[in-house]
Amino acid sequence: MPRAFTPKVVTANALLEGDVIYQTATGWSRNLAEAEVLTDEADADLRLIDAAQQTATVVGAYLADVDTSGTTPKPTHFREDFRATGPSNYAHGKQEEQANV
Amino acid sequence: MYNYTDFDTAFIKERNAQFRAQVERRIDGSLTEDEFKPLRLMNGLYLQLHAYMLRVAIPYGTLNSRQMHVLADIADKWDKGYGHFTTRQNIQYNWPQLRDVPDMLDALGEVQMHAIQTSGNTIRNVTADHFAGAAADELADPRPVAELIRQWSTDHPEFQFLPRKFKVAVTGSPNDRAVTKAHDIGLRMVEHDGQIGFEVIVGGGLGRTPMIGKIIRDFLPREDLLPYLEAIVSVYNLLGRRDNKYKARIKITVHENGLDDFKARVEERYALIRPQFTGVDQQMLAGIEADFAAPKFKSAPETEYHDARQHYPAFRAWSDTNLTEHRVPGYAIVTISLKAHGATPGDATSAQMRLMADLAKRYGHDELRISHEQNVILPHVHKSDLPSVYSALKAEGLGTANAGLISDIIACPGMDYCALATARSIPIAQEIATRFDELKLEHDVGPLKIKISGCINACGHHHVGHIGVLGLDRAGVENYQITLGGDGTEDASIGERAGPGFSAEEIIPAIERLVLAYLDLREEPAETFLQTYRRLGLAPFKAALYPEAQANAA
């Protein structure tokens, strides 16, 4: 039996800045909390195809697992956790931007 | 130092203009990412975990104060005010934006620097002994030959699409500080009947399949170097595997075909192409050598140096660890540690870069070097100037007295930055250094090289660390494997895996147990960790690493 589909988001890097971005229902966000959570496999495949076609704005789109047990999606793997936060040696990247909001 | 000719300047300018147009076409949608990626990689531009990364070559690790100032300016203007020096004598900027990269490359071009062939399946930045031209044990300065190889390999039409990347290192000293045996080609200057030539080593490399290079020619006359290199790379270009990325490096080509077969093919190719080299390269080399003429060394009393050693314990400690013997009496080679306890190995702020540049200009004949161990070197400082140099360094957080000690750790960027990484390296290095600083043990422990890689590609050289640490992803958790007994010098050896890996929380105590065990096991304080390991083998260290297994077996 195939493995059950787990919730995912579409993520990529922005072409101009290289920032980590997440696909929302209407576009892209730099904040994982605003990402569109995909719970249906066929739907996820279509959303990924859609993202991959936006070559003028995004680079390297792929599906990443998220944990949906809380109010907002959270990364399940430490790599995605770093992408959503920034490096651990300096407060650069997303953690810096979020601190300045 | 080498000075660009008009040809070099025009070449860099044109190449930068081409890349500027390529970036514009990518942004306006004329180029897809698949089309653009090989073009940006040829110019050193990666897309990493959080941002783009620009890798700038520092050929054979040599630069002057003006160049270092521009590296600092670039860090301030287009990045976050710092740069990361790498194990291949490059500097990496972790946060550039795509639109700014052509301007960064133009700024580099203004001071005769570039990012060409710092990525891709080409001949990469040629590295050399960071003490070149200064070391007391040196036969000859390897940098003129390294510059000749840079010119030969840059945009070499035959070698733009090799099966895989290709790294060359050169040393002019019998004590190998350039890790030549872990390079695709390693060149060691040797003397034969009064003539200086090269021992040519081929097929070394770390990564997934670590191998110590094999000697393909024990003495190659100097004038035969370029045709012989061309023959090796040419044979590899056709024979190297393109069906499997993991078997594409020359180490596998040599291993699978055998050294004898590989050598026979190289010699055949060499015989064919040797006549094409009519000596123009040797004329060019003579010109390059004139550029690398030694500075005018001064002679002055060393009183201030000896006084400072006598009266200032901190200066004495620093001069014990961070100075190396210079070939000229009265001079010393200064290693500036970029490994302050708890800091990121290899990182320098723009203020630190400017200070090092100014010190080089004022006290160091305007020369700086980047070492593969991620430190900065002032190769020519008169001993009378050392107290001034030290106090200036100390004020900017650069006075750490730990060169060659346990906190002088090589660490790759790991999963804090790198898209290929499987675990973090930097925090492990930070914690080891902080812990041994707390224990106040590192001077007692003595020479000990810890090298950390955040994935199997081994940019952190863990295979040749006395203690190597490899970060892996084990079922979604960071896990760290220890290897022991590696060595990157002329006696190169690959470290032996000690056993099961440790979690991020367990790895620091594990290394502490290992080092404390060494202190118990060594015959005398002068016996280094590596010597003790070679005398006793893995068993007693394994027992220290895995006390539970020991208890269960008892």
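Throughout this document, residue positions are counted from 1 along each chain, in the order its sequence is written. Going through the entries in the order they are written, you letter the chains from A and number the ligands from 1. Residues qualify for local features only when their pLDDT is at least 70, as the model is predicted, and side-chain atom pairs are given and counted only at 80 or more; totals for whole chains, interfaces and linings, by contrast, use all residues. Water and hydrogen atoms were dropped before computing side-chain values, which therefore reflect all heavy atoms in the structure.

**A few points about the sheet that holds strand β15 (residues 376–382) of chain B**
Here is step 1: A pair of strands is labelled paired if DSSP reports no fewer than 2 bridges between them. Starting at the N terminus, helices and strands are each numbered in turn, a helix being any DSSP run of H or I of at least four residues and a strand any DSSP run of E of at least two. One open sheet holds the five strands; their spatial order is β3-β14-β15-β12-β11 (chain B), and the pairing between them is antiparallel. Two strands bound the open sheet, and with one partner strand each, they are β3 (62–63) and β11 (323–325) of chain B.

**Let's talk about the domain arrangement of chain B**
Residues and elements named next belong to chain B.
Here is step 1: For each domain, the first and last residues come from an automatic or database assignment. The assigned domain composition of chain B is domain 1 (6–110), domain 2 (142–290), domain 3 (305–395) and domain 4 (410–553).
Here is step 2: The C-alpha-based centres of domain 1 and domain 4 are spaced at 34 Å.
Here is step 3: We call two residues in contact when some of their heavy atoms are within 4.5 Å. Each partner contributes to the interface: domain 1 provides 10 residues, whereas domain 4 provides 10 residues.
Here is step 4: When two parts are put together, the accessible area they lose, computed with a 1.4 Å probe and summed over both, is reported as buried area. Looking only at domain 1, the three residues that lose the most surface to domain 4 are Gln48, Leu49 and Thr87, adding up to 57% of its buried area.

**A few points about the pairing of strand β12 (residues 331–336) of chain B**
Residues and elements named next belong to chain B.
Here is step 1: Burial analysis of β12 places six of its six residues in the buried class, the great majority of the element.
Here is step 2: Buried residues are those whose accessible area, probed at 1.4 Å on protein chains only, stays under 20% of the maximum for their type, while exposed residues exceed 50% and partly exposed ones sit between those limits. Alternating positions in β12 separate into two faces, Tyr331, Ile333 and Thr335 on one and Ala332, Val334 and Ile336 on the other, with burial throughout.
Here is step 3: Bridge count for β11 against β12 is three bridges, and the pairing is antiparallel. Paired with leucine 323 across the strands is valine 334, a residue of β12.
Here is step 4: Sheet topology places β12 next to β15; five bridges connect them, and they run antiparallel. Each bridged residue has a counterpart across the sheet, and for threonine 335 the counterpart in β15 is isoleucine 377.

**Structural notes on the environment of arginine 474 of chain B**
Residue and element names in this part refer to chain B.
Here is step 1: Of note, arginine 474 is situated in strand β18 (residues 467–474).
Here is step 2: Along the chain, arginine 474 and alanine 423 lie 51 residues apart, while their C-alpha atoms are 9.5 Å from each other.
Here is step 3: Excluding its chain neighbours within four sequence positions, the residues that come into contact with arginine 474 are Asn479 and Gln481.

**Looking at the interface of chain B and chain A**
Here is step 1: Of the residues lining the interface, 32 residues belong to chain B; the matching set on chain A comes to 25 residues.
Here is step 2: When chain B packs against chain A, close to 2300 Å² is buried across both sides, 58% of that on carbon and sulfur atoms.
Here is step 3: Take a side-chain nitrogen of Lys or Arg and a carboxyl oxygen of Asp or Glu: if they are within 4 Å of each other, that pair is a salt bridge. Where chain B meets chain A, there are one salt bridge.
Here is step 4: With a closest N to O distance of 3.1 Å, glutamate 96 of chain A and lysine 80 of chain B form a salt bridge.
Here is step 5: Any pair of N or O atoms that falls within 3.5 Å is considered a polar contact. Within protein, one atom must be able to donate a hydrogen and the other to accept it, and sequence-neighbouring residues count only if both atoms are side-chain atoms. Where chain B packs against chain A, one counts 12 residue pairs in polar contact (both at pLDDT 80 or more).
Here is step 6: No other element matches helix α14 (residues 426–439) of chain B, which puts three residues into the side of chain B that touches chain A.
Here is step 7: For the side of chain B that touches chain A, the per-class residue count stands at 16 nonpolar, seven polar and nine charged. In this classification, the charged set is Asp, Glu, Lys and Arg, the nonpolar set is Ala, Val, Leu, Ile, Met, Phe, Trp, Tyr, Cys and Pro, and all remaining amino acids, among them Gly, are polar.

**Quick notes on a negative patch on the surface**
Here is step 1: A grouping of Asp40, Glu41, Asp43 and Asp45 of chain A is seen on the molecular surface, where their side chains present a negatively charged patch.
Here is step 2: Examined against the element boundaries, aspartate 40 of chain A turns out to sit in the loop between β3 (28–29) and α1 (41–52). Any residue with relative accessible area above 30% and no salt bridge may belong to a patch, with like charges joined within 9 Å and the nonpolar Val, Leu, Ile, Met, Phe, Trp and Tyr side chains within 5 Å. Each accessible area is a Shrake-Rupley estimate made with a 1.4 Å probe; only the visible protein chains count as cover when residues are assessed. His is not counted, nor are the chain ends, whereas Lys and Arg count as positive and Asp and Glu as negative. Positions of charges follow a simple convention, taking NZ of Lys, CZ of Arg, CG of Asp or CD of Glu.

**Side note on the packing of α14 of chain B against helix α16 (residues 504–521) of chain B**
Residues and elements named next belong to chain B.
Here is step 1: Convention adopted: a line fitted to C-alpha atoms gives each axis, helices being fitted over their contacting stretch, and angles between N-to-C directions are expressed from 0 to 180 degrees. For the pair α14 and α16, the least separation of the axes is 10 Å and the interaxial angle reads 45°. Regarding the angle of α14 to α16, the classification is oblique. Taken as a pair, α14 and α16 cross one another with a handedness that is right-handed. Within the contact between the two elements, α14 uses Ile428, Glu431, Ile432, Arg435, Phe436 and Leu439 and α16 uses Ala504, Ile507, Ile508, Ile511, Glu512 and Val515. Angles below 35 degrees are treated as roughly parallel, those above 145 as roughly antiparallel, those between 65 and 115 as roughly perpendicular, and all remaining angles as oblique. In a left-handed crossing the near helix is turned counterclockwise from the far helix by less than a right angle, and in a right-handed crossing that turn is clockwise.

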